[in-house]
Amino acid sequence: MSRESAAGRAAGDAETDLLRVRDLSTRFFTEDGQVNAVESVDFDVRENEILGIVGESGSGKSVTALSIIDLVESPGRVTSGEVWYRSPDLAEEFRDRGAGVEGDLVDLRTVPEGVRRSLRGPAFSMIFQDPMSSFNPSITVGEQIAEAVEVQRRARANPRSTRSRTQGYGLGKYLLDGLLPGRDYVDEASQARAVELLEQVGIPDPAERAEEYPHQFSGGMLQRAMIAQALAGEPDLLVADEPTTALDVTIQAQILELLREIQAERGMSVVMITHDLGVIARMCDRVCVMYAGEVVERGTLADVFERPTHPYTQGLLGSIPDLQDPRPRLQPIEGNVPSLLDAEMGDRCYFADRCPKAMRDCLEKPPELDAEGSPEHRAKCVLAERPYDPDEALSPGHFGGEGE
């Protein structure tokens, strides 16, 4: 898809899309070979919405998020695709400088790496899976959050980063810090802001807790502190990567409710990454289902939960117990997530070896097709355009031991 057509797609939603991801692919170049972690992913994130990305472990959810905010580390690399971000200021700055610009949308893959880095905080922020490993154990929680605030305040002294909305750090202080490197990096205003953020995420006695170290926080409190740190730059888009992992059910519910309240109050967009369909049903407006690095189905919550088209989506839903009638046996998805090594993937539907409805057409790469439901419902499956035909079914032993 060309840059112009990608930016122009879904014109009816042109004024509400904060982010448009088109044909995004990420590879890891390892000793064992090329790993296709993300494969030609497309989706949109609208202003003031929560988009869910769901799938098994290893399906590419987290790498997709890291690719968007340019945090993929070596040996990984974003190899192709477009990440269109709505920013009138950025569009005006790069309109005549060779970058991809369409209206207020800018393709971030065409701007310098330093510009993408400067957007972390005021534009994009991320809540990582494990807060205990994300915080420095030798620095107090308050100091670490204050440092995040300070980075955004100092960015205002750089004309390239004037989009940061945290106030109070001007050119004078920037020059003074350069002349007097012994000055404390974090000033009192940033420390006070860190305490405010801890209070906003529901941590009791925030001033006292700010002086404590990560090991002195419970898991739930530390996850709240990580949310506070992610909010330091007042981002337009918050990526929550498995934000309730390793928390008990009660604390999970509290964290999810906190995220929903913050999203509503600030009017920001959220990408919720999870393997838990219950979290998706509770939190999200629209859903992307990922498998083997691809988005295999996407649509509204009603599309995916009430009219699932892809057998993988149906399998995920079939593996959830029915609380109203727990008697039926759960239907697990047979087999395992496939190897993502390029040499082993083949050019076919990656789910075919686990699919109970695999047909001969599944031996070719399926395009993304319109599916039953809303205009947004699409699936990479031949079943979106025709019913299952037992006469076309692949034999049970077609793939041999593959996928088992």
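Our structure is the block above this text.
Since the model is a prediction, treat every value here as computed from it, not as a measurement. (Residues numbered from 1 in each chain as written. Predicted model: local features only at pLDDT ≥ 70, side-chain atom pairs only at ≥ 80, totals over all residues. Heavy atoms only, no water.)

With respect to the nonpolar core
Selection criterion: Here the nonpolar core consists of buried residues drawn from Ala, Val, Leu, Ile, Met, Phe, Trp, Tyr and Cys, with membership extended through side-chain atoms lying within 4.5 Å. Relative accessible area decides the class of each residue, using a 1.4 Å probe on protein chains only: under 20% of the type maximum gives buried, over 50% gives exposed, and in between gives partly exposed. Note on conventions: DSSP H or I runs of at least 4 residues are helices, E runs of at least 2 residues are strands, and numbering of each starts at the N terminus. In this analysis, two residues are considered to be in contact whenever any of their non-hydrogen atoms come within 4.5 Å of each other.
Counting 64 residues, the largest nonpolar core has Ile227, Leu259 and Met272 as the members making the most contacts within it. Considering each element in turn, this core owes the most residues, 7 residues, to helix α10 (residues 219-230). Ile227 has contacts with Ile127, Val201, Ile255, Leu258, Leu259 and Ile262, leaving out every residue within four places of it along the chain. Leu24, Tyr85, Val239 and Ile273 belong to the second-largest nonpolar core, a separate cluster that totals 38 residues.

A closer look at the pairing of strand β2 (residues 33-46)
Spelled out, the test is: Two strands qualify as a pair provided that DSSP identifies no fewer than 2 bridges between them.
Among the 14 residues that make up β2, 10 are buried, leaving the element largely enclosed by the rest of the structure. Connecting strand β1 (residues 17-30) to the next strand, β2, in antiparallel fashion are 2 residues.

A few points about the pattern of salt bridges
Formally: Think of a salt bridge as a Lys or Arg side-chain nitrogen and an Asp or Glu carboxyl oxygen that are within 4 Å of each other.
Taken as a whole and judged by the stated rule, the model has 26 salt bridges. Put simply, Arg193 and Glu196 hold a salt bridge, and the shortest N to O gap is 3.1 Å. One end of the pair is Arg193 and the other is Glu196, both in helix α8 (residues 188-200) and 3 residues apart, which spans about a single turn. Residue classification places Arg193 among the buried positions, given a relative accessible area of 15%. Salt bridges linked by common partners bring Asp17, Arg20, Arg46, Glu49, Arg286 and Glu376 together as one network.

Side note on the state of the cysteines
Condition: Sulfur atoms of two cysteines make up a disulfide when they are within 2.5 Å.
One pass over the full model with this rule turns up 0 disulfides. Unpaired in terms of disulfides, Cys284 finds its nearest cysteine sulfur in Cys288, a separation of 9.8 Å.

A look at the environment of Gln152
Locating Gln152 in the fold gives a position in helix α6 (residues 141-155). What makes Gln152 buried here is its relative accessible area of 7%. Distance from Gln152 to Ser190, taken between C-alpha atoms, is 9.7 Å for residues 38 residues apart in sequence.

Quick word on helix α14 (residues 311-318)
Residues Pro311, Tyr312, Thr313, Gly315 and Leu316 constitute the buried set of α14. Contacts made by the buried residues of α14 are with α12 (277-283), β10 (286-291), β11 (294-300) and α13 (301-306).

Structural notes on the sheet that holds strand β5 (residues 101-102)
One open sheet accounts for 5 strands, arranged β2-β1-β4-β6-β5; its pairing is antiparallel. The sheet is open, and its two edges are formed by β2 and β5, each paired on a single side. Summarising the sheet, β5 and strand β6 (residues 105-107) pair through 2 bridges and their orientation is antiparallel. The residue bridging Val101 from the neighbouring strand is Val106, located in β6.

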